[in-house]
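Listed here are the chains, written in short residue letters.
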Amino acid sequence: MEGIGVTLSIMTSTLAGDVVEVSPSGEIDVENAYEIREAVAAQLAAGHPSRIELNLENVTFIDSVGISALVAAFQLAAVSDVKLIVTRPSRFAHRQLWVTGLLGLFGNPEPFADGTAQPAAAQS
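A brief structural summary. (Residues numbered from 1 in each chain as written. Predicted model: local features only at pLDDT ≥ 70, side-chain atom pairs only at ≥ 80, totals over all residues. Heavy atoms only, no water.)

Looking at the overall build of the protein chain
Note the cut-off: Put simply, DSSP H or I for four residues or longer makes a helix, DSSP E for two residues or longer makes a strand, and each gets a number counted from the N terminus. Only protein chains enter the accessibility calculation, which uses a 1.4 Å probe; a residue whose area is less than 20% of its type maximum is buried, one above 50% is exposed, and one in between is partly exposed. Any two residues whose heavy atoms approach within 4.5 Å are treated as being in contact.
Along the protein chain, the regular secondary structure elements total 3 helices and 5 strands. Reading the protein chain from its N end, one meets helices and strands in the order β-β-α-β-β-α-β-α. For the protein chain, buried positions account for 40% of its 124 residues. Long-range pairs, those at least 24 residues apart, make up 64% of the contacts in the protein chain between residues at least 6 apart in sequence.

Given below as structure tokens:
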């Protein structure tokens, strides 16, 4: 099975107060990375959330174009004085953010445990 047909779906919801959660599921790559930035832009256009949380728990793959889209979304939010952070990144997404040196930019999220009980602090 090739990567063709794997889609990205994005759910948005409002959390406590005026915090908005944007939750992509699937693969974020050159074909669909723009959708992340568009989803953040739509939330900014709809109102002025105090924070946008990108929940990457269900992201199975993200490439360099996807990482660039996350940075573009961060910058777009910053222009509107809205904090954008990453929450619950999948192990793959966490690794990509770590390798690119961007974990700090997105709030130093811990990797989502996928139901396993391994402490993230054990990594060096």
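Here the narrative resumes.
Some words on the pattern of salt bridges
How we decide: We define a salt bridge as a side-chain nitrogen of Lys or Arg found within 4 Å of a carboxyl oxygen belonging to Asp or Glu.
All chains considered together, the criterion is met by 2 salt bridges. Close ionic contact of Glu-53 with Arg-51 constitutes a salt bridge, the shortest N to O distance being 2.5 Å. Given the relative accessible area of 30%, Arg-51 is considered partly exposed. In this structure, Glu-57 and Arg-88 form a salt bridge, with 2.8 Å as the shortest nitrogen-oxygen distance. Linking Glu-57 in the loop between β3 (51-55) and β4 (58-62) with Arg-88 in the loop between β5 (83-87) and α3 (91-99), this pair joins segments that are 31 residues apart in sequence.

Looking at the pairing of strand β1 (residues 9-14)
Put simply, the rule is: Note: two strands are recorded as paired if DSSP finds a minimum of 2 bridges between them.
The pairing of β1 with strand β2 (residues 19-28) spans 6 bridges and is antiparallel. Bridge pairing links Thr-12 to Val-22 in β2. Adjacent in sequence and paired antiparallel, β1 and β2 are bridged by 4 residues, among which Gly-17 carries a positive phi angle near 65°.

Considering unusual backbone geometry
One non-glycine residue, Arg-88, lies in positive phi territory at about 45°. Among the residues examined, Arg-88 registers a relative accessible area of 38% and is labelled partly exposed. Positioned with a positive phi, Asn-108 is a non-glycine residue whose angle comes to about 50°. Summarising the element assignment, Asn-108 is placed in the segment after α3. Judged by relative accessible area, Asn-108 falls into the exposed class, the value being 51%.

Quick look at α3
Spelled out, the test is: Think of the arc as the fan of directions from the helix axis to the C-beta atoms.
Residues of α3 that are buried: Ala-93, His-94 and Leu-97. The arc that holds every buried residue of α3, seen down its axis, measures 100°, which confines them to one face. A positive phi of about 75° marks Gly-101, the residue just after α3.

What to know about the pairing of β3
Put simply, the rule reads: We call a crossover right-handed when, viewed with the strands running away from us, the connection from the first strand over the helix to the second turns clockwise.
Extensive coverage of β3 is indicated by the burial of 4 of its 5 residues. Strand direction decides the pairing type here: β2 and β3, joined by 4 bridges, are parallel. Looking at β3, one finds that Val-22 is bridged to Leu-54. A crossover links β2 with its parallel partner β3, the connecting element being helix α1 (residues 34-46), and its sense is right-handed.

Description of the side chain of Thr-87
Note on placement: Thr-87 falls in strand β5. With a relative accessible area of 15%, Thr-87 lands in the buried category. Among all residues touching Thr-87, those that are not within four sequence positions of it are Glu-21, Glu-53, Leu-54, Asn-55, Leu-56 and Glu-57.

Take it as geometry only, folks, not as evidence of what the structure does.
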